[in-house]
Amino acid sequence: MSIETLNHKSFFEEGTTKAKTGLRAWIFSTDHKRIGLMYFISMAFFFLVAVIIGILMRLELMAPGKTIMDAQTYNSLFTLHGVIMIFLFIVPGIPAVFGNFFLPIMIGAKDVAFPRLNLMSYWIYVIGAILAIVSLFMPGGPIDTGWTFYIPYSIRSNTNISLAIFAAFVLGFSSILTGLNFITTVHRMRAPGMGWFKMPLFVWATYATAWIQLIATPVVGITIVLVVLERLFGVGIFDPALGGDPILYQHLFWIYSHPAVYIMILPAMGVVSEIIPTFARRTIFGYRAIAMSSLAIAFVGYLVWAHHMFTSGMSDTARMVFSFLTFIVALPSGVKVFNWVATMYKGSIDPKPPFLWVMAFIFLFSIGGLTGLVLGALATDIHVHDTYFVVAHFHYVMFGGTGTIFFAALFYWFPKMFGRMYNIKLANLSVALFFIAFNTLYFPKFILGYMGMPRRYYDYLPQFAPLQFVSTIGSWLMLITIILIIYNLVHSLFRGEKPSVNPWGGVTLEWRTASPPPLENFHEIPTVIHEPYDFSQLKDMKYES
Amino acid sequence: MEHGNNKHITPYSTYLIVWVALLAFTSITVSVAGINLGNLTLFVALVIAAIKSAMVINIFMHIKFEEKIFKVFLLLSGMTLLVIFLLTFTDFSFR
Amino acid sequence: MSHNENSTASHVHRDDVGAKMGMWLFLFTEVLLFGGMFLVYAVYRFQNPMQFHLAGMELNTTVGTINTIILLTSSLTVALAITAIQKNNKFLSLVFLSVTLLFALMFMVNKYFEWTTKIEHGIYPGSEELLKKQNGEILFFGLYYIMTGLHGLHVIVGMVLLSLMFILILKNKITHDNFVKLENSGLYWHLVDLIWIFLFPLFYLIQ
């Protein structure tokens, strides 16, 4: 199938709105690609804000005692860092940007099932973000409970809890509607010949994620409503003096927030399953196993939430049950890692930046995952719960996991989205620098946690000072890395070379259309005849080796 | 492109019969509530509620006549909720 | 091959099954939303069985039963409205829809009187009277107000939705071969009924 690139407009030039150019052509656009990019710009902004907050936190923690701020400020900062990173960046994350942009293309569709609902999801996201920002400046000041809003402090704190958590409620709606849209899209809009087992694994991953978004988010929705009602009316639902149980709050909170971490990681794993075959130029090993493992992780992920609560006062029975289930959920993830490695075996490796990011991911995510086992085992958890060990663990899985792959996806699909190529050497350097910065910033935290440094503490004992200092150095290296990445991509957006439509030699449908794609994704809806990841197709496609 | 399951029209009479059944079950559940059977009363009330729900979902909401996938979705969501209940009670039942 | 700019047919082809699927998925989110509340109810009832019984006796079973009958019947009439439009009987459909809305209104009026009576007796979240009671009773009433309140909110949303459908049928935007919007609104309404089917025994039949 040949691609006609002459005389056809890209989606940048042709849109769905009455306005042809300017802001109105974007904020009212129902084109999934424009929506994906709008999410990207918003999320990139919030990511950077949260990074700066992290830098400031690390500055404070560089030495014992007060360094640059007081304790109340620190409490608000770590809360905001968590709230922004989780609710405004990682949860919408890969689905909102790359899912929106590429899911319809990868199944050969023109758009999602409900394009106007898709736009509404974005607006709701923006409204939630604005509410969160407003809550920073209302009298009372920014929320200081930690992103987990635990009872009883979230009831008693004088900061703007209700507004801030209502913002989270609104953001949840955005997530739910996106999930609803993606599920319907995958069921109803696949191109002729695109059977379930011909779909790319990124689609499987995004589909499984959509179910989690749909089913888990309402539970935190109602939990947030209950906290607001408690603050406003003193209903007593979580107040021990009135018969309420703070642990019940924790259950309700984590019933969403644990599956939420699978919302974060599953799409990332889907991206890995795209990148590895392309850069190993080999069909994926165990396609069905990987597809099914996405569904398995989504389901089993609902069953493990209370491993966040081992020291809360739950019954012993519950602790044993949840510890057992937590070990089980590691299995489908293991399936993926083994299959990825098997795919690379005897493959023809092309170590381009997306592939290097994936290599970094495998290392960092594995450390994160393995330390999760330490936390999942009851006896060891008692010692490291609420210490820096946990902080290190979740940064390895969320940042080293999803964050790394967010970069990988960006570097993989950048030429397709923008029709430009970035500087490969600089990109390679960025990955290397990232790896060093990441481990400098976060590995010491494992040791600190093991040594007993509690999390969310503004001040600490002198014996923790050296490693805290090393970690702060890591944060500066990380900042430099991020600046380099931004420079590379932004510069290439305007000055980069124009690559072929398939610079990496991928065989999923997005590589068969123009870069950037036209408004309805394809000039002709494709008919799918090949098995997924069948690289013999390449000889029929235009690509650069 | 098919335009949905327009082919099946539920007769007025079917709906009426289901409605009568629903009212009947409601009266049963109200009567049973008056009899003190301890925990069994709650159990019976929930079973009756489940039966009424099944009728509303299958006939009023038409799921009996829709594509199989709808039933799969419903089952999955219902099971997830059930599992959440069960796992939460591993804490509270054994305190 | 010649192409015009929009060669991949840009007319929107209808997908009624897709629309219905989207609605069902949305209903699942509502089930989980209320499911969380039912979980809270279950835990606290498990922990305070006697006090829940005690507090439950203060609710009026007759009003609750009447409201149950009202909602069940409104589910009937909205279903009948759909069959009517499928049979191209626009007038009958509008009649059934109106009856549904009437029943919904009756439900809300009943609820209004129920609540105001309770509030006049000093039983509402945070009230002195309520706080004098035992913990289990306080929790019971807290849950009562929250769950019936949330349910009532959904009844109002349902009424707005059904009113919109009334207008669309009137204007012939919903017809015998294009009625998925009405079906979806009906589905929402049935969900409101379903939630009440569980609320009713849990709050009004604890004797």
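All values derive from a computational prediction rather than experimental measurement.

Novice: Honestly, the overall build of chain C in this entry has me stumped. Any pointers?
Specialist: A tally of regular secondary structure across chain C gives 7 helices and 0 strands. Tracing chain C from N to C terminus, the helices and strands come up as α-α-α-α-α-α-α. Relative to its length of 207 residues, chain C is extended, with a C-alpha radius of gyration of 21 Å against a globular reference of 17 Å. In terms of overall dimensions, chain C has C-alpha extents of about 80 × 40 × 25 Å along its principal axes. Looking at chain C as a whole, 49% of its 207 residues are labelled buried.

Novice: What's the story with the overall build of chain B in this structure? I'm lost.
Specialist: A count of helical and extended segments in chain B gives 3 helices and 0 strands. The N-to-C order of helical and strand elements in chain B reads α-α-α. Computed over C-alpha atoms, the radius of gyration of chain B comes to 18 Å, more than 25% over the 12 Å expected from 2.2 N^0.38 for 95 residues, which places it beyond the range of a compact globule. Along the three orthogonal principal directions, the C-alpha set of chain B runs to about 55 × 30 × 10 Å. The proportion of buried residues among the 95 residues of chain B is 28%.

Novice: What's the story with the domain arrangement of chain B in this structure? I'm lost.
Specialist: Quite often, the size of an interface is put as the accessible area lost when its parts meet. What the domain assignment reports for chain B is domain 1 (10–61) and domain 2 (67–95). If you average the C-alpha positions of domain 1 of chain B and of domain 2 of chain B, the two centres end up 21 Å apart.

Novice: Would you explain the packing of helix α3 (residues 61–86) of chain C against helix α7 (residues 180–204) of chain C in this entry?
Specialist: Any two packed helices are characterised by how steeply their axes cross, that is the angle between the axes, and by the distance between the axes. Residue and element names in this part refer to chain C. At a minimum axis distance of 10 Å, the contact between α3 and α7 shows a crossing angle of 160°. Taken together, α3 and α7 sit at an angle that is classed as roughly antiparallel. In terms of crossing hand, the pair formed by α3 and α7 is left-handed. Where α3 approaches α7, its residues Thr 61, Gly 64, Thr 68, Leu 71, Leu 72, Ser 75, Val 78, Ala 79, Ile 82 and Ile 85 are matched on the opposing element by Leu 182, Glu 183, Gly 186, Trp 189, His 190, Asp 193, Trp 196, Phe 200 and Tyr 204. Here the contact of α3 with α7 is built from residues that sort into 11 nonpolar, 6 polar and 2 charged.

Novice: Is there a simple way to think about the confidence of the model for chain C in this case?
Specialist: All names here are of chain C. Across chain C, the average pLDDT comes to 92, with 94% of residues at or above 70. The low-confidence segment residues 1–11, where pLDDT is below 50, has 9 contacts with residues more than four positions distant or belonging to other chains. Reported for the predicted complex are a pTM of 0.94 and an ipTM of 0.93.

Novice: Explanation requested: the interface of chain C and chain B in the structure shown.
Specialist: Across the boundary between the two partners, chain C contributes 39 residues, which contact 33 residues of chain B. Among the secondary structure elements, those contributing two or more residues to the side of chain C that touches chain B are α1 (16–47), α3 and α7 of chain C. With 13 residues, α1(C) is the largest single contributor of residues to the side of chain C that touches chain B. Considering only residue class, the side of chain C that touches chain B consists of 21 nonpolar, 11 polar and 7 charged.

Novice: I would appreciate a short explanation of the nonpolar core in the present structure.
Specialist: Looking at soluble globular proteins, one finds that nonpolar side chains tend to be buried together. The biggest cluster of nonpolar side chains holds 261 residues, and the ones touching the most others in it are Val272(A), Trp357(A), Ala408(A) and Ala409(A). The residues that make up this core include at least three from each of domain 1 (10–61) and domain 2 (67–95) of chain B.

Novice: Could you clarify how one ought to interpret the packing of helix α12 (residues 353–376) of chain A against helix α15 (residues 424–451) of chain A in this entry?
Specialist: All names here are of chain A. Between α12 and α15, whose axes approach to 9 Å, the crossing angle comes to 10°. Between α12 and α15, the interaxial angle falls into the category roughly parallel. Two secondary-structure elements touch here, α12 through Pro 353, Leu 356, Trp 357, Ala 360, Leu 364 and Thr 371 and α15 through Ile 424, Ala 427, Asn 428, Val 431, Phe 434, Phe 435, Phe 438 and Phe 446. Each residue belonging to the contact of α12 with α15 can be placed in one class, and the counts come to 12 nonpolar, 2 polar and no charged.

Conventions we followed
Residues numbered from 1 in each chain as written. Chains lettered and ligands numbered in written order. Predicted model: local features only at pLDDT ≥ 70, side-chain atom pairs only at ≥ 80, totals over all residues. Helix = DSSP H or I, 4+ residues; strand = E, 2+ residues; numbered from the N terminus. Rg over C-alpha atoms; globule rule 2.2 N^0.38 Å. Buried ≥ 20, exposed ≤ 12 C-beta atoms within 10 Å, placed from the backbone. Domains from an automatic or database assignment. Axes fitted to C-alpha atoms, helices over the stretch in contact; angles between N-to-C directions. Parallel < 35°, antiparallel > 145°, perpendicular 65-115°, else oblique. Left-handed = near helix turned anticlockwise from the far one by under 90°. Contact = placed C-beta atoms within 7 Å. Nonpolar A, V, L, I, M, F, W, Y, C, P; charged D, E, K, R; others polar. pLDDT = per-residue confidence, 0-100. Core = buried A, V, L, I, M, F, W, Y, C linked by C-beta atoms within 7 Å.

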